[in-house]
Amino acid sequence: MEISSFFSTRDLNAWFGKTLAVRAVNMSFAENTVSAIIGPSGCGKSTFLRCLNRLHEEVPGARVNGTVLLENKNIYSKDVDPVELRRQIGMVFQKPNPFPAFSVFDNVAVGLKLAGIRKSTILKDAVERSLRMAALWDEVKDKLNDAGTSLSGGQQQRLCIARALAVEPRVLLMDEPTSALDPISTAKIEELVSELKKAVTIIIVTHNMQQAARISDQTAFFLLGDLIEYGATSQLFTAPKDNRTERYITGRFG
Amino acid sequence: MIRSKSHKDIHFADRFFAGTLQAIAWGVPLLLVFIAIFLTWKSLPTIRLFGFSFLTSQTWDPVQDQFGALPVVYGTLVSSFLAVLLAAPISIGVALFLTELAPSWLARPVGFLVEMLAAIPSVVYGLWGIFVLAPLLRTTVQPALAKSLGHFPLFEGPPLGVGMMAAGVILAIMIIPTIATLSREVFLAIPAIQRENALALGATRWEMMQIAVLKTARSGILGAIILGLGRALGETMAVTMLIGNRAEISASLLAPGQTMSSLLANEYAEASGELHLSALLEVGLLLFLVTFIINALARLFVWRSTLGKSPR
């Protein structure tokens, strides 16, 4: 079997009001891989990502229909609690945004506290483990009580990654996580992504085709709400099957 | 600066205009200073005569020329804090509902109506208080409180309707728009991404409001509450109509009382002796100082919270 059934979508449609933003998308993501989603602005790639942890439906007027299977369980079925689900499918957003009223420690611990974990030894261990995974521990271990917003932009984004990792999600969604960062911070996050896929399956939306080429195993190209092409990254960038993909990656539009 | 010096004559109109505006701009804070000086100067007779005991004495007797402001200071603080105690949770609830839960077709008109509560004249609140609120308190609320909690000093005594409780409730209604509107502004200033973050971490709606909204906005909320308190401290007409106007300290919220502002409204017209007038103006000075400090604190909190929001 060439495609794993770990995490997949079937005929996934997403609307904003009457506008169809994502059209009948079928995709599969293998466990412990990095999948990149590229495409011009407004192609529905972020919306698609936000359907995968049921965040899209929180937007007023937004609607989803179709199936998303996490280990053969439809996350849109009635008996799935979206709150519970979002602990298994974590998310990192475009702009680094630690909670301003929370310390570095509390920013990482907040997801665990929401899950009802109160024991301080467990919290401490989880915070350290998550910060180490996010390659931030050495930089912040002496300022865990400082405000999360006192860190640099790149550190803040890694703090947000640590925060998402703390609840040990199965899947980590990243929505253009480096678009607000400088090149050095971006390089650190890219390195981190390649490291993290040993622990978690990563789906990353990016504007940056070089980034997709550098860090992903599979790449998908979206255009106007449609999935145009999806395949191994090396193949998609060197020998695209669809000529729209080819025109996009060679910079002729978008 | 350099340009205006070298083109002195050409830019006369500019400099004249700037000078005039500067004078006007300075005039406003100067007015504040003049009011403070005036109040202090006019209250010198009682400041000299009673000194600090003006603040600690409970006797307010114009006939005997004995003046102590403690009962009215007490009345002001108790009625205002009671108002804040009642208004703050309601206002924050309203603001949360308007920003986090209500669909926009509902949030806009409801928000507008809440703001309009602030446009109703104080005397109209007073009238409504006399004809609706006070009878309701007298016939229903206060008997029930006396029955269930009457052994607490706080709810002792006959149900009169008018009194400290009525004043506190009417003040609460009057400061709800202040606290609710300001809290709503603070909540709206929190980026949507903050809320999505909380949701993405597995927060329920209510947990999201706690983490991403209330916690982030704490100092802004505190500022809004203090501004509401500032408004309650100075409010005069409705309180005068509902508090019962007796300058005595009573532990019971059912008893009548007097605030600094209601005392001034009641007595300044008939103050005959120089000492009586001086005592009233000293009360005015106290009120001025208290509201000034409270408002300055509120600005400080709001200022700090808006600073805290801006990302580095």
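Since we're looking at a predicted model, the values are computed, not measured.

**Student:** Could you give an account of the overall build of chain A, naming the residues involved and the relevant values?
**Tutor:** When its secondary structure is counted, chain A shows ten helices and ten strands. Projecting the C-alpha coordinates of chain A onto the three principal axes gives extents of approximately 55 × 45 × 35 Å. Of all 254 residues assigned to chain A, the portion counted as buried reaches 56%. A separation of at least 24 residues holds for 67% of the contacts in chain A among residues at least 6 apart in sequence. Accessible area of chain A: about 11,000 Å², with a carbon and sulfur share of 49%. Positive and negative side-chain charges in chain A, numbering 31 and 28 respectively, have mean positions lying 4 Å apart.

**Student:** Lay out the interface of chain B and chain A in plain terms, naming residues and giving numbers.
**Tutor:** Contact with chain B, which involves 20 residues of that partner, is made by 28 residues of chain A. Summed over both sides, the interface of chain B with chain A buries roughly 2,000 Å², with 62% coming from carbon and sulfur. Close ionic contact of E196(B) with R50(A) constitutes a salt bridge, the shortest N to O distance being 2.5 Å. The interface formed by chain B and chain A holds five residue pairs in polar contact (both at pLDDT 80 or more) in total. Elements with a contribution of two residues or more to the side of chain B that touches chain A: helix 9 (192-200) and helix 10 (205-214) of chain B. Ranked by the residues each element gives to the side of chain B that touches chain A, the list is headed by helix 9 of chain B, at seven residues.

**Student:** So what about the sheet that holds strand 2 (residues 19-29) of chain A? Which residues, and what values?
**Tutor:** All names here are of chain A. Read from one edge of the open sheet, four strands run 2-1-4-5, paired in antiparallel fashion. Each having just a single partner strand, strand 2 and strand 5 (73-74) make up the two edges of the open sheet. Strand direction decides the pairing type here: strand 4 (residues 62-70) and strand 5, joined by two bridges, are antiparallel. Across the sheet, L69 pairs through a bridge with N74, a residue of strand 5.

**Student:** Tell me what's going on with the environment of L214(B), and back it up with residues and numbers.
**Tutor:** Residues and elements named next belong to chain B. If you trace the backbone, L214 turns up in helix 10. Measuring from C-alpha to C-alpha, the distance between L214 and S183 comes to 9.6 Å, with 31 residues separating the pair along the chain. Beyond its immediate stretch of four places on either side in the chain, L214 contacts I92, L96, F187, W206, M209 and I221.

**Student:** Before we move on, could you go through the domain arrangement of chain B and cite the residues and values that matter?
**Tutor:** Residues and elements named next belong to chain B. What the domain assignment reports for chain B is domain 1 (2-42) and domain 2 (69-309). Here domain 1 and domain 2 have C-alpha centroids that lie 37 Å from each other. Taken residue by residue, the interface counts seven residues in domain 1 and six residues in domain 2. Between domain 1 and domain 2 lies a buried interface of about 560 Å² when both sides are counted; carbon and sulfur atoms form 85% of it. It is L32, L39 and K42 that lose the most area in domain 1 upon contact with domain 2, and together they represent 73% of the buried surface on that side.

**Student:** Break down the packing of aromatic side chains for me, citing the residues and quoting the values.
**Tutor:** Residue and element names in this part refer to chain A. Overall, the coordinates contain ten aromatic pairs over all chains when judged by the stated rule. Plain terms: the ring middles of F7 and F29 are 5.9 Å apart, the flat faces sit at 40 degrees to each other, and that makes the pair tilted. One end of the pair, F7, is in strand 1 (residues 7-16); the other, F29, is in strand 2, with 22 residues separating them in the sequence. A relative accessible area of 0% means that F7 is categorised as buried. Judged by its relative accessible area of 0%, F29 is buried. Seen in terms of ring centroids, F99 and F102 are 5.5 Å apart; in terms of plane orientation they differ by 50 degrees. Their pairing is tilted. Neither residue differs from the other here; F99 and F102 are each classed as buried. Across from the ring centre of W15, 4.2 Å away, lies the NZ or CZ of R63, which sits over that ring. It is R163 that lies over the ring of F99; its NZ or CZ is 4.6 Å from the centre.

**Student:** Break down the environment of A102(B) for me, citing the residues and quoting the values.
**Tutor:** Within the secondary structure, A102(B) is located in the loop between helix 5 (70-101) and helix 6 (104-117). Sequence-distant contacts of A102(B), defined by excluding residues within four places in its chain, comprise F97(B) and A107(B).

**Student:** Tell me about the side chain of S252(B), residues and numbers included.
**Tutor:** Residue and element names in this part refer to chain B. Among the secondary structure elements, S252 is positioned in the loop between helix 12 (237-242) and helix 13 (260-267). Using a relative accessible area of 8% as the deciding quantity, one classes S252 as buried. A polar contact is formed between the side chain of S252 and the backbone oxygen of E156, at a distance of 2.6 Å. Here S252 is in contact with P153, L154, F155 and E156, once residues within four sequence places are set aside.

**Student:** Can you lay out the pattern of salt bridges for me, pointing to particular residues and giving the numbers?
**Tutor:** Residues and elements named next belong to chain A. One pass over the structure, following the stated rule, counts 22 salt bridges over all chains. Residue D226 is joined to R23 by a salt bridge in which the shortest nitrogen-to-oxygen separation is 3.0 Å. Pair noted here: D226 is in strand 10 (residues 226-232) and R23 is in strand 2, with a separation of 203 residues, a long-range link. Its relative accessible area of 26% is what places D226 among the partly exposed residues. For K198, the salt bridge is made with E195, and the minimal N-O distance between the two is 2.8 Å.

**Student:** Lay out the pairing of strand 8 (residues 201-205) of chain A with the relevant residues and their values.
**Tutor:** All names here are of chain A. Most of strand 8 sits out of view: five of its five residues are buried. Burial along strand 8 is two-sided: T201, I203 and V205 facing one way and I202 and I204 facing the other are all buried. Bridging between strand 3 (residues 34-38) and strand 8 involves four bridges; their strand directions are parallel. The residue of strand 8 that forms the bridge with I37 is V205. Strand direction decides the pairing type here: strand 7 (residues 171-175) and strand 8, joined by five bridges, are parallel. Bridging across to strand 8, V171 finds its partner in T201. For the crossover that starts at strand 7, traverses helix 7 (residues 183-196) and ends in the parallel strand 8, the hand is right-handed.

Thresholds, definitions, all that
Residues numbered from 1 in each chain as written. Chains lettered and ligands numbered in written order. Predicted model: local features only at pLDDT ≥ 70, side-chain atom pairs only at ≥ 80, totals over all residues. Heavy atoms only, no water. Helix = DSSP H or I, 4+ residues; strand = E, 2+ residues; numbered from the N terminus. Buried < 20%, exposed > 50% of the residue type's maximum accessible area, 1.4 Å probe, protein only. Contact = heavy atoms within 4.5 Å. Areas by Shrake-Rupley, 256 points an atom, 1.4 Å probe, with all protein chains shown as cover. Lys, Arg positive; Asp, Glu negative; His and termini not counted. Charge placed at Lys NZ, Arg CZ, Asp CG, Glu CD. Buried area = accessible area lost by both parts, 1.4 Å probe. Salt bridge = Lys/Arg side-chain N within 4 Å of Asp/Glu carboxyl O. Polar contact = N/O pair within 3.5 Å; in protein donor to acceptor, adjacent residues only side chain to side chain. Pairing = 2+ DSSP bridges. Domains from an automatic or database assignment. Phe/Tyr/Trp six-rings, centres within 6.5 Å; stacked < 30°, edge-to-face > 60°. Lys NZ or Arg CZ within 6 Å of the ring centre and 35° of its normal. Right-handed = clockwise from strand over helix to strand, strands pointing away.

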